[in-house]
Amino acid sequence: MQQTSLLRLYEIQRERLQLTHVSGSLEAMLSVPDERIWPADLVGHLNLIHPTRLQIIGAAELGWARRQSQEKVGHHLREILSSHPPGIIVADGCETPGVVAAICEQHGVALLTTPQPSASVIDQLRLYLSRELAERISLHGVFMDVLGVGVLITGDSGAGKSELALELISRGHGLVADDVVEFARVAPTVLEGRCPPLLQDFIEVRGLGILNVRTIFGETACRRKMRLRLSCHLERRLPGLDDPNRLPIEHEVQDILGVPVPRVVLPVAAGRNLAVLLEAAVRSTILQLRGIDCTQDFIDRQSRVLSEGESDI
């Protein structure tokens, strides 16, 4: 289970959000206790229904509190703080009411302030937590930016993944990661791939050794991160194996962290230009994302021709 501390959040976001620590410990942890809960749900406006969130108090909440009795406000605050939220942030540049400071200190809950708008604070913290607490997995392969599409190239050792990547780089495409790719599920249907810091900019090619792609091909040959859109598996043809389906009716998908990713299989054989084939697969994927399915178009055209032929009989 991914988790982070309020202290880490404060240190990373302090300058961006202009946070000031007023009182209380910053050692509280933020984690996703249930798979039905998304990391972005861990922060929001002051809420009795979700008392374990990082609670944000803005001008609207304080305006409501001023219209209520101090006893009623204190009762609601104690009810929320009894669930031990990670902390409370007073936003919109509002002055912290004495009752809020007193109850936070009484329950040992961290109190922070910021002059920034509460809605902006929530949006930025939700984005931060979505990335910080995202589900992660490391996969073996090469991750490339091909025509603006993130492509994971997989295959057995010696299938030619790095050689294909080098050919794609020489054709103007970009390298994200070689050998090990770290994927994070930053949204329900979005997988973001990065390279481990140790391997960044490097690629290993049999016979050449370790190459620094950024140094050899320039700054534009590397990418910091990409969204995964396509998985391409290189399959070496062995004697006795059946040929792959030449006209697949159903598109193959690969499940990664619960996200279905379109997958193509390219047979590796002498004389096949895999770089051209992969570029064509990417272009086909782009068309499918736009609602254009070449295979289905061909099937529909064939059906129309057959129907017209039967009507002429």
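Residues numbered from 1 in each chain as written. Predicted model: local features only at pLDDT ≥ 70, side-chain atom pairs only at ≥ 80, totals over all residues. Heavy atoms only, no water.

To be explicit about the condition: UniProt positions are given in the numbering used here, feature names are shortened, and annotations may be inferred rather than shown by experiment.
As annotated in an unreviewed UniProt entry, the protein carries the name HPr kinase/phosphorylase and is attributed to Thauera phenolivorans. In the Sequence similarities (unreviewed entry) part of its UniProt record, the protein is described as follows: "Belongs to the HPrK/P family." Checking UniProt for the protein, the heading Subunit (unreviewed entry) contains the comment "Homohexamer."

**With respect to the side chain of Thr 113**
Filter applied, for reference: Only runs of H or I of at least four residues qualify as helices and only runs of E of at least two qualify as strands under DSSP, and these elements are numbered from the N terminus. The rule is simple: take the accessible area with a 1.4 Å probe, protein chains only, and divide by the maximum for that residue type; under 20% is buried, over 50% is exposed, in between is partly exposed.
Tracing the backbone through its elements, the reader meets Thr 113 in strand 7 (residues 110-113). On the accessibility criterion, Thr 113 (17% relative accessible area) is buried.

**Quick notes on the packing of aromatic side chains**
Just so we agree on the cut-off: Pairing of aromatic rings covers Phe, Tyr and Trp, the last counted by its six-membered ring, and requires centre-to-centre distances within 6.5 Å; plane angles under 30 degrees mean stacked, over 60 mean edge-to-face, and any other angle means tilted.
Taken as a whole and assessed by the stated rule, the structure comprises one aromatic pair. Summarising the aromatic geometry, the rings of Phe 143 and Phe 183 are spaced 5.2 Å apart at their centres and angled 70° between planes, so their arrangement reads as edge-to-face. Taken together, the positions of Phe 143 in strand 8 (residues 135-146) and Phe 183 in strand 10 (residues 174-187) put the pair 40 residues apart, joining distant regions of the chain. Each member of the pair, Phe 143 as well as Phe 183, carries the same accessibility label: buried.

**Here's the deal with the side chain of Gln 116**
Rules: Residue contacts follow a heavy-atom distance rule, with two residues in contact if any of their heavy atoms lie within 4.5 Å.
Secondary-structure assignment places Gln 116 in the loop between strand 7 and helix 5 (118-132). When its relative accessible area of 13% is taken as the criterion, Gln 116 is described as buried. In contact with Gln 116, not counting residues within four places along its chain, are Arg 16, Leu 17, Gln 18, Ala 91, Asp 92, Gly 93, Val 121 and Gln 124.

**Some words on the packing of helix 1 (residues 6-17) against helix 5**
For clarity, the threshold we go by: Axes here mean lines fitted to C-alpha atoms, for a helix over just the part in contact, with angles spanning 0 to 180 degrees between N-to-C directions. Roughly parallel means an angle under 35 degrees; roughly antiparallel, over 145; roughly perpendicular, 65 to 115; everything else is oblique. The handedness criterion is simple: a crossing whose near helix is rotated anticlockwise from the far helix by less than a right angle is left-handed, and one whose near helix is rotated clockwise is right-handed. Under this grouping Gly is polar, as are all residues other than the nonpolar Ala, Val, Leu, Ile, Met, Phe, Trp, Tyr, Cys and Pro and the charged Asp, Glu, Lys and Arg.
Where helix 1 contacts helix 5, the axes come no closer than 12 Å and their chain directions differ by 140°. Taken together, the axes of helix 1 and helix 5 are oblique relative to one another. Handedness of the helix 1/helix 5 crossing: right-handed. Taken together, the residues of helix 5 that come into contact with helix 1 (itself represented by Arg 8, Leu 9, Ile 12, Gln 13, Arg 16 and Leu 17) are Val 121, Gln 124, Leu 125, Tyr 128, Leu 129 and Glu 132. Of the residues contributing to the contact of helix 1 with helix 5, the split by class is seven nonpolar, two polar and three charged.

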